[in-house]
Amino acid sequence: MRLALAQLNPLVGDLEGNGRLIEQAGLEAMARGADLLLTPELSLWGYPPRDLLLRPALLERQQLELTRLAACLPSELAVLVGVAEPTIGAGSPNLYNALALVEGGGWRVVARKQLLPSYDVFDERRYFLPGDQAAVLELERRGRRWRLGLSICEDLWVEEALQAQRLVGADPIAELESQSIDLLLNLSASPFGQGKLNLRQQLAARAAVRLGCPVVYVNQVGGNDDLVFDGASFVVDAAGRAVCQLACSEEQLGLWDAEPTPPGPFGLVNGAGGEPPAAAALLTQQPLLTEQPLLTQQPAAQQLLPQPPLPTEVLTTEPLPMPSAAMAAASPADQAFPAAPASPDVQPAAKEQPAPQNQPAPEDQSALRGQGFLQPPPLQKPPSAEEQLLRVLVLGVRDYARKCGFRGALLGLSGGIDSALVALIASAALGAQRVSALLMPSPWSSPGSLSDAEALANRLGLTTDIVAIAQLMAAFDNALSGPLAGPPQGLTAENLQSRIRGTLLMAVANQQGQLLLATGNKSELAVGYCTLYGDMNGGLAVIGDLYKTTVFGLCDWIDSPAAAPCRAALGLPASGELIGAAIRHKPPSAELRPDQCDSDSLPDYAVLDPLLKAYIEGLASPEQLLAAGSEPELTLRVHQLLRRAEFKRRQAAPALKVSGRSFGAGWRMPIAAA
């Protein structure tokens, strides 16, 4: 049986648009000889749909879109689609996170998710009921009956020895051990996390060994708000060995030929009798609003046509088309996503600037690469941790801008390492011609601040403007001298500088319809070394989940020869330094007073970041760290800074999540607390 793995990038809530993505993947899969198309978890909605699931009108649109898909997809192709299945009754929650089988002109629900995550960024128990049994789907294909175990994302996460936490509840893999299945299919929407790609494969490998059959894992790709889904779909064989790996952070359609399982306890033929096992009962279904017909029989000419088994290999992978032919070759600025609602602070652009002919945007380059079939080897080495992180950040910025309707981005460029990294990510995401920067020197700015920022902008090809703020600082000093009985002093004066810059950035972004990118890192957000309505201004905090030491490490890698292939693939210059040694080796400083350094107010980041990681991601207490040998005064001071800065983080821009615990939906600490 030939399986097509559709690594889709949906727009949350766009049921019709996501349905078209599924339709196009189905038509392409059918043209390539596929028997079964797999799409990610909640593929018709996009993940996570959050409170959109509470809108009855969207559930009605889901019904219509499923009916449309059933009518327009080839009747001989089976398609598994992620849906929200309503239940009968007025209780809450009243939905299942489910899979629908679209086949033969109709559809029906065939599986329900059993383990519903409600930790970190997940809140599925707010919307869904847990399924109460594992699902086995039988399909007649190529002269034989295939028994397919169906699972959804968290249902695979049942190995306490491998994962940090295991949800209390059923073990869907154990329930399938007696079902003699030929394949386990896991349809997921699993956000990126550092080291997570390897963990997913370990979990799948363990399931494959327990079940004695291959495991096919299909993951969503793309950025949705602060979450970025890295795709990286794969297949492991019955021994747990990876045999197929789709790309990280790219939309793709992959084909894999499954060969029949040898006879035996896990095969189609059970024992000496030679008879196939009894069909596993599908879930007792509640209709998705109204019952839909399901045609279970194929035309007689195709029903039981004997064919030899196909070899187990990857045939090809290639980029999926965009939602329309016009969008297939379009850059992010050209794609017809709905515009963001206008606001006084952030609004989408009304007019697009043409891209230079000699520097196509990254999306354009993908389109050029996709003109022919991409044929990578059956199994490629996964990218390095640094490359995965960079690609995910680029994808997150690109999709945040694209899906919110922004055509360009703006940032403040200071000559420091944080803004340099954000500028590089934005250039790779949107194309340098759609990224501009303001340089805003003050009387305290070092000569290198301006020259290093200009040199970086030249290397990346960014448009820059210089707005000196000395006169504005003097105007604020004069205006406040009465109420304060003199000009602002100390932190008040420093914060005013930051707020002057933040106001200038918001004004330019507002006037030009640009997405303002905040450039602060996680270490600063953690301890409050940032200014509300100043450097925290923006619509997206690109590196808000990267500790300062991670920023330094990523920039060192970017400027190393090892990054050259990745840089070229992202449309960046492949040779020479991009960040630059002057920026990478500069002592961190906000330059808000003469000769200021971060180390004047904070511990060295090499000391600070491990403490922050223990507090934030390890949820350690000061007592635990002190017992483990941490320096008492520093340990207590950092804990106090973290706790007191909560009110700032509550007002921060959303940050792209890349760590185990970020300051976002998964961080729910009170502001007023002991």
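Residues numbered from 1 in each chain as written. Predicted model: local features only at pLDDT ≥ 70, side-chain atom pairs only at ≥ 80, totals over all residues. Heavy atoms only, no water.

Draft legend 1. Quick peek at the overall build of the protein. When helices and strands are tallied, the protein shows 20 helices and 21 strands. Of the accessible surface of the protein, which amounts to about 26,800 Å², a share of 56% is contributed by carbon and sulfur atoms. (Helix = DSSP H or I, 4+ residues; strand = E, 2+ residues; numbered from the N terminus. Areas by Shrake-Rupley, 256 points an atom, 1.4 Å probe, with all protein chains shown as cover.)

Draft legend 2. Fine view of the sheet that holds strand β18 (residues 435-439). Judged by pairing direction, the sheet is parallel, and its 5 strands sit side by side in the order β19-β18-β17-β20-β21 without closing on themselves. Among the strands making up the open sheet, the edge pair consists of β19 (463-466) and β21 (540-541). Here 2 bridges tie strand β20 (residues 515-518) to β21, and the two strands are oriented parallel to one another. Bridging across to β21, L517 finds its partner in L540. (Pairing = 2+ DSSP bridges.)

Draft legend 3. View of the pairing of strand β17 (residues 409-412). Neither face of β17 is open: one carries A409 and L411, the other L410 and G412, and all of them are buried. The sheet contact formed by β17 and β18 spans 4 bridges and is parallel. Paired with L410 across the strands is S436, a residue of β18. In terms of handedness, the path from β17 via helix α9 (residues 417-430) over to β18 forms a crossover that is right-handed. Direction of pairing for β17 relative to β20: parallel, over a ladder of 2 bridges. Bridge assignment links A409 to a residue of β20, and that residue is L515. (Buried < 20%, exposed > 50% of the residue type's maximum accessible area, 1.4 Å probe, protein only. Right-handed = clockwise from strand over helix to strand, strands pointing away.)

Draft legend 4. Region of the structure containing the environment of L129. Mapped onto the fold, L129 is located in strand β6 (residues 128-129). Judged by relative accessible area, L129 falls into the partly exposed class, the value being 26%. Excluding its chain neighbours within four sequence positions, the residues that come into contact with L129 are T87, P93, L95, Y96, K113 and L116. (Contact = heavy atoms within 4.5 Å.)

Draft legend 5. Focus on helix α2 (residues 56-72). Between the first and last C-alpha of α2 there are 25 Å, a value that for 17 residues agrees with the 24 Å anticipated at 1.5 Å per step. Against α1 (15-31), β3 (78-86), β4 (95-103) and β5 (106-112) lie the buried residues of α2. (Expected span 1.5 Å × (residues − 1).)

Draft legend 6. Focus on the layout of surface pockets. Estimates place the volume of the second largest pocket at around 850 Å³. Along the wall of the second largest pocket there are 32 residues; nearest its centre are D120, K657, S659, G660 and R661. Of the residues that constitute the lining of the second largest pocket, the class distribution is 15 nonpolar, 9 polar and 8 charged. (1 Å grid on protein atoms, 1.4 Å probe; cavity = no way out; pocket = protein on both sides within 12 Å on 5 of 7 lines; lining within 4 Å. Points joined across faces, edges and corners; volume = space filled by probe spheres on them. Nonpolar A, V, L, I, M, F, W, Y, C, P; charged D, E, K, R; others polar.)

Draft legend 7. Representation of the sheet that holds strand β10 (residues 215-219). A sheet is described by the order of its strands in space; here 6 strands give the open sequence β7-β8-β9-β10-β13-β14, paired in mixed fashion. Each edge of the open sheet carries a strand with a single partner, namely β7 (135-141) and β14 (242-245). The average angle at which neighbouring strand axes cross in this sheet is 20°, direction not considered. Sheet analysis places strand β9 (residues 183-188) next to β10, joined by 5 bridges and oriented parallel. Paired with S188 across the two strands is N219, which belongs to β10. Helix α4 (residues 196-211) rests against β9, β10, β13 (234-236) and β14 of the sheet, and its axis sits at about 35° to β13. (Axes fitted to C-alpha atoms, helices over the stretch in contact; angles between N-to-C directions.)

Draft legend 8. Structural view of the packing of aromatic side chains. Counting across every chain of the model gives 6 aromatic pairs. Ring centres of Y47 and F229 lie 6.2 Å apart, and the angle between their planes is 85°; this geometry places the pair in the edge-to-face category. In this pair, Y47 is assigned in the loop between β2 (36-38) and α2 and F229 in strand β12 (residues 227-230), connecting sequence segments 182 residues apart. Under the relative-accessibility criterion, Y47 is labelled buried at 4%. Classification of F229 by relative accessible area gives buried; the value is 0%. Both rings, one in F663 and one in W667, keep their centres 5.1 Å apart while their planes meet at 85°; by these two values the pair is edge-to-face. Taken together, the ring pairs connect Y47, Y119, F122 and F229 into an aromatic cluster. Over the ring of Y96 we find R112, and its NZ or CZ is 4.1 Å from the ring centre. (Phe/Tyr/Trp six-rings, centres within 6.5 Å; stacked < 30°, edge-to-face > 60°. Lys NZ or Arg CZ within 6 Å of the ring centre and 35° of its normal.)

Draft legend 9. How the structure looks around the pattern of salt bridges. Overall, the coordinates contain 35 salt bridges when judged by the stated rule. Via salt bridges that share partners, E159, D171, E177, R206 and R210 belong to a single interconnected network. (Salt bridge = Lys/Arg side-chain N within 4 Å of Asp/Glu carboxyl O.)

Draft legend 10. Empty space enclosed by the protein, seen in detail. Scanning all chains against the criterion turns up 4 cavities of 30 Å³ or more. Here the largest cavity is characterised by a volume of approximately 90 Å³. Along the walls of the largest cavity sit A518, G520, N521, E524, L525, C530, D535, M536, A541, A652 and A653, which together make up its complete lining.

Draft legend 11. Focus on the nonpolar core. The biggest cluster of nonpolar side chains holds 56 residues, and the ones touching the most others in it are L390, L413, L421, I425, L517, L546 and L554. Secondary-structure elements contributing two or more residues to this core are α8 (385-404), β17, α9, β18, α10 (447-460), β20 and α14 (548-558). Tallying contributions element by element places α9 first for this core, with 11 residues. Not counting residues within four places of it along the chain, the set of residues in contact with L413 comprises S419, A420, A423, A437, L438, L439, A453, L456 and A457. Listed in part, the 43 residues of the second largest apolar core include W45, L77, A84 and V121. (Core = buried A, V, L, I, M, F, W, Y, C linked by side-chain atoms within 4.5 Å.)

Draft legend 12. Looking closely at unusual backbone geometry. Here Y47 and P48 are connected by a cis peptide whose omega angle stands at 0°. Mapped onto the elements, P48 comes out in the loop between β2 and α2. Positive phi, normally seen in glycine, also occurs at R50, with a value near 50°. Summarising the element assignment, R50 is placed in the loop between β2 and α2. Its identity as a non-glycine residue notwithstanding, C153 has a phi of 45°, on the positive side. Among the structural elements, C153 can be located in the loop between β8 (144-152) and α3 (172-176).

Draft legend 13. Representation of the packing of α9 against α14. In contact at an axis separation of 10 Å, α9 and α14 are set at 55° when each is read in the N-to-C sense. Between α9 and α14, the crossing angle belongs to the class labelled oblique. Read as a crossing pair, α9 and α14 show a hand that is left-handed. On the side of α9, the interface is formed by I417, D418, L421 and L424, while α14 contributes K548, V551, F552, L554, C555 and I558. Taken together, the residues of the contact of α9 with α14 sort by class into 8 nonpolar, no polar and 2 charged. (Parallel < 35°, antiparallel > 145°, perpendicular 65-115°, else oblique. Left-handed = near helix turned anticlockwise from the far one by under 90°.)

Draft legend 14. Highlighting the confidence of the model for the protein. Residues at a pLDDT of 70 or more form 82% of the protein, whose mean pLDDT is 83. Confidence over residues 263-377 falls short of pLDDT 50; this stretch has 256 contacts with residues more than four positions distant or in other chains. (pLDDT = per-residue confidence, 0-100.)

Draft legend 15. View of the side chain of K196. Relative to the helices and strands, K196 is located in helix α4. Buried charge without a salt bridge: K196, with D120 as the nearest opposite-charge side chain at an N-O distance of 6.8 Å. Reaching out from K196, the side chain makes a polar contact with the backbone oxygen of P191 at a distance of 2.9 Å. Once residues within four sequence positions are removed from consideration, K196 is found in contact with W157, S190 and P191. (Lys, Arg positive; Asp, Glu negative; His and termini not counted. Polar contact = N/O pair within 3.5 Å; in protein donor to acceptor, adjacent residues only side chain to side chain.)

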